[in-house]
Amino acid sequence: VQLVESGGGLVQPGGSLRLSCAASGFAFSTYVMRWYRQAPGKEREWVATITSGGGSTSYGDSVRGRFTISRDNAKNTVYLQMNSLKPEDTAVYYCSAWLRQNTYWGQGTQVTVSS
């Protein structure tokens, strides 16, 4: 089982980034996918969720209206489009796959929002 995040980097406030999470080794299309983030010295924070078929999404209060989660089950990939980025969005972003008793995590990708 692998979840590999990519797309992180340094961006100026107000900018955009799109994160990707490529999955392998499990039945991706049957799993709920989530993005989390963890800033230095803070607890891991839930960011967004998308259901297995992609028909339903939900977001944390701090990102709602700015971030969009999506998935392509044909490519075994989940995305996080991040717009209007703020310095407080700086964190390591992780994707997670969940189905009943199974939870898988990626290694994370760093996002830094700074001028």
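Residue positions are given per chain, counting from 1 as you read along its sequence in written order. Where local features are concerned, this predicted model is filtered to residues with pLDDT of at least 70; where side-chain atom pairs are given and counted, the filter is 80 or more; whole-chain, interface and lining totals use all residues. Hydrogens and water are ignored here; the side-chain numbers use all heavy atoms of the structure.

### Here's the deal with the nonpolar core
Here comes step 1: Think of a nonpolar core as a cluster: buried Ala, Val, Leu, Ile, Met, Phe, Trp, Tyr and Cys residues, connected wherever their side-chain atoms sit within 4.5 Å. When a residue's accessible area, from a 1.4 Å probe over protein chains only, is under 20% of the maximum for its type it is buried; when over 50% it is exposed; and in between it is partly exposed. In terms of nonpolar packing, the biggest core is built from 30 residues, with Trp35, Val78, Leu80, Met82 and Tyr93 touching the most fellow members.
Here comes step 2: Here a helix means four or more residues in a row that DSSP labels H or I, a strand means two or more in a row labelled E, and each is numbered from the N terminus. Looking at this core, the elements that each hand over two or more residues are strand E3 (17–24), strand E4 (32–38), strand E5 (45–50), strand E7 (67–72), strand E8 (77–82), strand E9 (91–99) and strand E11 (109–113).
Here comes step 3: For this core, the element with the highest residue contribution is E9, accounting for 5 residues.
Here comes step 4: Whether two residues touch is decided by their heavy atoms; if any such pair falls within 4.5 Å, the residues are in contact. Ignoring any residue separated from it by four or fewer positions in sequence, one finds Met82 in contact with Gly15, Ser16, Leu17, Leu19, Arg66, Phe67, Tyr93 and Val111.

### Notes on the pattern of salt bridges
Here comes step 1: Any Lys or Arg side-chain nitrogen located within 4 Å of an Asp or Glu carboxyl oxygen qualifies as a salt bridge. In total, this model carries 4 salt bridges according to the counting rule given.
Here comes step 2: A salt bridge links Arg64 to Asp61; its shortest N-O distance comes to 2.8 Å.
Here comes step 3: Ionic pairing is found between Arg66 and Asp89, a salt bridge with its closest N-O pair at 2.8 Å. In this pair, Arg66 is assigned in the loop between strand E6 (57–59) and E7 and Asp89 in the loop between E8 and E9, connecting sequence segments 23 residues apart. With respect to class, Arg66 is no different from Asp89; both count as buried.

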